[in-house]
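Overview (structure and organization)
So you can see what is in the structure, the chains are spelled out below.
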Amino acid sequence: MAEASGRDAGSGREERAPEGLPPDSAPPGTPVSRVKLLDTMVDTFLQKLVAAGSFQRFTDCYKRFYQLQPDVTQRVHDKFITQLQTSIWEEITEIKQEGNMEAVLNALDQIVEEGKGRTEPAWRPSGVPEEDLRSTIVPYFLQQRDTLRRRVQRQEVENQQLAEAVLARRRQVEQLQLQVQARQQAWQALYREQRELVAVLREPE
């Protein structure tokens, strides 16, 4: 029964898998595109995933349920494997679409194919790879450095403004504290005067 489940799940996976021969089924010497290699890797991963989640292991986790409802357990396992494979393929497809991976991998294949027939060294403006690389990368890093400097300057201005605002707020708080202390002292003095006045009025003539 476990083997039947694996075959059913495998057939569902193959229907959802991208079309194309895996590398081992292609004729010898035939180049395999990187897109098909990626699909084959995902396909192999799903095969191992299905093997790891075999029906036997599934029933080991739900022995009592399997003993009571073996047919239902089989259908639940098949449905679980099918949905798991579909979900993984959908995620992989979404990632490939967002990253435009097929176009990038196909372009890389094309570059490799175009470079196979070349026997001469790749052309360089100066003939020295280090200098050519430096002439290309240095301006980029200088541009990035200028961009970072401008960001740092803006951040420093914002920090200065925030610091000034904090100092102004702190001065306002200090002034409020002084005002509160002054009013407290005034109330205390008034309270003492009232007590003294009351004591004088209560003294017998």
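Residues numbered from 1 in each chain as written. Predicted model: local features only at pLDDT ≥ 70, side-chain atom pairs only at ≥ 80, totals over all residues. Heavy atoms only, no water.

As recorded in an unreviewed UniProt entry, the chain goes by Polyamine-modulated factor 1 isoform X1 and comes from Echinops telfairi.

1. Considering a nonpolar patch on the surface
Put simply, the rule is: What makes a patch is a set of residues exposed beyond 30% relative accessible area and free of salt bridges, joined within 9 Å when like-charged and within 5 Å when nonpolar (Val, Leu, Ile, Met, Phe, Trp, Tyr). Only the protein chains shown count as cover for residues, with accessible areas throughout obtained via the Shrake-Rupley method and a probe of 1.4 Å. Salt bridges, as used here, are contacts in which a Lys or Arg side-chain nitrogen is within 4 Å of a carboxyl oxygen on Asp or Glu. The way it works is that DSSP assigns letters per residue, a run of H or I at least four long becomes a helix, a run of E at least two long becomes a strand, and they are numbered from the N terminus.
On the surface, Leu133, Ile137, Tyr140 and Phe141 cluster together into a nonpolar patch covering about 410 Å² of accessible area. If you trace the backbone, leucine 133 turns up in helix 7 (residues 129-202).

2. Examining a negative patch on the surface
Note the threshold: The charged-residue count follows a simple rule in which Lys and Arg add positive charge and Asp and Glu add negative charge, with His and chain termini not counted at all. For charged residues, the charge sits on one atom: NZ in Lys, CZ in Arg, CG in Asp, CD in Glu.
On the surface, a cluster of negative charge is made up of Glu90, Glu91, Glu94 and Glu98. Note on placement: glutamate 98 falls in helix 5 (residues 70-98).

3. What about helix 2 (residues 34-52)?
The test is simple: What a helix is expected to span follows from its residue count: subtract one and scale by 1.5 Å. Three exposure classes are used, based on accessible area relative to the maximum for each residue type with a 1.4 Å probe and protein chains only: buried under 20%, partly exposed in between, and exposed over 50%. Here the arc refers to the set of directions running from the helix axis out to each C-beta atom.
With 19 residues, helix 2 should cover 27 Å at 1.5 Å per step; its first-to-last C-alpha distance of 27 Å lies within 8% of that length. Among the residues of helix 2, Val35, Leu38, Asp39, Val42, Asp43, Leu46 and Val50 are the ones counted as buried. With its buried residues spanning 135° around the axis, helix 2 presents them on a single face. Pointing more than 90 degrees away from the buried face of helix 2 are the exposed residues Met41, Lys48 and Ala51.

4. Quick notes on the pattern of salt bridges
Taken as a whole, this structure holds three salt bridges when the rule is applied. As a salt-bridge pair, aspartate 39 and lysine 96 come within 2.9 Å of each other at their nearest N and O atoms. With a gap of 57 residues between them, aspartate 39 in helix 2 and lysine 96 in helix 5 connect regions that are remote in the sequence. Residue lysine 96 is classed as buried on the basis of its relative accessible area, which comes to 11%. In this structure, the salt-bridge partner of lysine 96 is glutamate 102, at a minimum N-O distance of 3.5 Å.

5. Re the side chain of aspartate 109
Rule in force here: Identification of polar contacts relies on pairs of N or O atoms within 3.5 Å, with a donor-acceptor requirement for protein atoms, meaning one able to donate a hydrogen and the other able to accept it, and with residues adjacent in sequence counted only if both atoms are side-chain atoms.
Structurally, the position occupied by aspartate 109 is in helix 6 (residues 101-116). For aspartate 109, a relative accessible area of 13% corresponds to the buried category. Here arginine 34 takes part through its side chain, which lies 2.3 Å from a polar atom of the side chain of aspartate 109.

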